[in-house]
Amino acid sequence: TKMDTKVEHMDTTVNTSTKKDVALIVLNSQHVNSEKYSDLHHVSKDGAMMQKMLNGYETTVSPNVTDILKEVKELNEKHKSENSVIGRLHFHFSGHGVHNARIFITEEEKIKAIESNITTKITDTPVGECLVGRAGKLFSIHDLKHELLTLGSDTIVITLDCCRSESRGSKTRGQISEEVKLLSKEAISQTDQEKIVVLYGSLDGHSTLDSRSFTLELFRVTSKGNVNIPILSLASKVNASWKDTDSDQRCKSDIVEVGDNWKDFNWPSNTTVEGNIIIVEPSELDPRIIYETLNQIKADVEMLKNE
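Residues numbered from 1 in each chain as written. Predicted model: local features only at pLDDT ≥ 70, side-chain atom pairs only at ≥ 80, totals over all residues. Heavy atoms only, no water.

A. Fine view of the overall build of the protein chain. In terms of helices and strands, the protein chain carries eight helices and 14 strands. For the protein chain, the residues scored as buried account for 46% of the 307 residues in total. A total accessible area of about 15800 Å² is found for the protein chain, and carbon and sulfur atoms account for 50% of it. (Helix = DSSP H or I, 4+ residues; strand = E, 2+ residues; numbered from the N terminus. Buried < 20%, exposed > 50% of the residue type's maximum accessible area, 1.4 Å probe, protein only. Areas by Shrake-Rupley, 256 points an atom, 1.4 Å probe, with all protein chains shown as cover.)

B. Molecular detail of the nonpolar core. In this structure, L218, I231, L234 and W267 are the most contacted members of the largest nonpolar core, which totals 30 residues. Contributions of two or more residues to this core are made by β2 (20-27), α1 (43-53), β11 (196-200), α6 (214-221) and α7 (231-244). Within the second largest apolar cluster, 26 residues are counted, among which are I68, F91, L131 and V198. (Core = buried A, V, L, I, M, F, W, Y, C linked by side-chain atoms within 4.5 Å.)

C. Highlighting the sheet that holds strand β8 (residues 138-140). Pairing within the open sheet is antiparallel, and its three strands lie in the order β5-β7-β8. Looking at the sheet topology across the chains shown, the edges are occupied by β5 (97-100) and β8. When strand polarity is set aside, the average angle formed by the axes of neighbouring strands in this sheet is 40°. As paired strands, strand β7 (residues 128-132) and β8 are joined by three bridges and run antiparallel to one another. By the bridge assignment, C130 is partnered in β8 with S140. Strand contacts of helix α4 (residues 141-149): β7 and β8, with the helix running at about 65° to β8, the strand carrying the most contacts. (Pairing = 2+ DSSP bridges. Axes fitted to C-alpha atoms, helices over the stretch in contact; angles between N-to-C directions. Contact = heavy atoms within 4.5 Å.)

D. α6, seen in detail. Within α6, seven of the eight residues are buried, leaving the element largely enclosed by the surrounding structure. Those residues of α6 that fall on the buried side of the exposure criterion are F214, T215, L216, E217, L218, F219 and V221. Following α6 by one or two positions, S223 has its phi on the positive side, about 50°.

E. Broad picture of the pairing of strand β4 (residues 86-94). With nine of its nine residues buried, β4 lies for the most part within the structure. Across seven bridges, the pairing between β2 and β4 is parallel. Bridging from a neighbouring strand, L24 pairs with F91 of β4.

F. Broad picture of the packing of α1 against α6. One way to put it is that α1 packs onto α6 with a least axis distance of 9 Å and a crossing angle of 35°. Relative to α6, α1 is oriented so that their crossing is left-handed. Only T215, L216, L218 and F219 of α6 make contact with α1, whose side of the interface consists of D46, M49, M50, K52 and M53. Taken together, the residues of the contact of α1 with α6 break down into six nonpolar, one polar and two charged. (Left-handed = near helix turned anticlockwise from the far one by under 90°. Nonpolar A, V, L, I, M, F, W, Y, C, P; charged D, E, K, R; others polar.)

G. Structural view of α4. For α4, the buried fraction is high: eight of the nine residues fall into the buried class. Of all the positions in α4, only I141, H142, L144, K145, H146, E147, L148 and L149 are classed as buried.

H. Molecular detail of the packing of aromatic side chains. For the structure on display, the rule yields two aromatic pairs. Where F214 meets W242, the ring centres are 6.4 Å apart and the plane angle is 40°; that geometry is what we call tilted. Of the two residues, F214 sits in helix α6 while W242 sits in helix α7, which places them 28 residues apart along the sequence. Neither F214 nor W242 differs from the other in exposure class; each is buried. Look at W262 and F265: their rings are 5.1 Å apart centre to centre, the planes differ by 80°, and that puts the pair in the edge-to-face class. Geometry around F265 places R88 over its ring, the cationic atom sitting 3.9 Å from the centre. (Phe/Tyr/Trp six-rings, centres within 6.5 Å; stacked < 30°, edge-to-face > 60°. Lys NZ or Arg CZ within 6 Å of the ring centre and 35° of its normal.)

I. Structural view of the environment of S241. Examined against the element boundaries, S241 turns out to sit in helix α7. Separated by 20 residues in the primary sequence, S241 and V221 place their C-alpha atoms 7.4 Å from one another.

J. Fine view of unusual backbone geometry. For the bond running from W267 to P268, omega is 5°, close enough to zero to count as cis. Here P268 is to be found in the loop between β14 (266-267) and α8 (287-306). Of note in the backbone geometry, N64 takes a positive phi value of approximately 50° without being a glycine. Within the element layout of this structure, N64 appears in the loop between β3 (58-63) and α2 (68-81). Among the residues examined, N64 registers a relative accessible area of 22% and is labelled partly exposed.

Right under this line is the structure:
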């Protein structure tokens with residue numbers, strides 16, 4: 001199920017009058033394999049906060065997506081059919097993530113290897129950092145970048161509110177008994193990489209808590225999307241906010257800087273230039289929310305113990 005929200009264009013600094021800002025928000029809160037991937041009850045709140053921060057973008061919200069690649073391709077086809085000229089393209093994902101090191105080989109490939117007496121096999125399993133679909137299908141972040149580039153936007157910002165650990169799934173992960181030829185990675189050109197920013201909600205190899213999401217912290221530091229922050233200092237603002245609340249979670253940005261190419265880029269938009277950290281108003285500290293959050297933290301801790 002998808003929900004399209006079209007709103008008035010607001011960014012007059014970066015885009016011309018013919019360009020529009022586009023966002024795809026994927027919210028995977030429920031999973032078919034609940035034993036491997038627990039449901040994430042705060043993801044829907046992440047979606048509402050991200051929509052508010054991206055107020056000015058033509059936004060597509062996609063909850064509980066099974067095939068993330070297909071979802072991105074559908075967005076691509078939609079805007080190609082509309083002859084869209086995109087200034088800013090934003091992709092957000094809240095859900096489970098994994099650094100996949102376990103390679104699967106099809107029965108057909110195994111039989112072929114036995115008959116031809118070869119030890120090197122070929123697989124199409126995504127490896128490295130991946131987003132997890134509702135039924136467990138993986139979509140690599142590398143491939144995501146390639147797909148987003150086909151929309152031809154001026155810039156791309158990716159926010160990933162998910163784990164990056166290798167601890168999920170089978171305990172035999174990484175212990176492959178036979179040599180496997182991994183799916184090749186097509187290089188992304190230097191020029192294209194200069195226009196992509198990836199904001200990771202956790203550090204490499206670390207898990208995250210659903211109740212203290214990266215999206216929630218973005219919502220706080222941007223004062224619900226009303227304060228625009230220079231993209232070059234956004235990760236620093238979030239980490240400072242986390243540190244002030246004694247949280248040990250940290251985010252990081254992946255950005256290619258060439259001279260001043262990102263100097264004048266503010267997020268979520270360029271309508272104003274402010275960078276103050278905003279503290280959540282007391283009115284938001286509803287006792288029911290605190291109770292729900294504590295229960296979710298307890299569930300998160302139990303999940304980490306079982307991994």
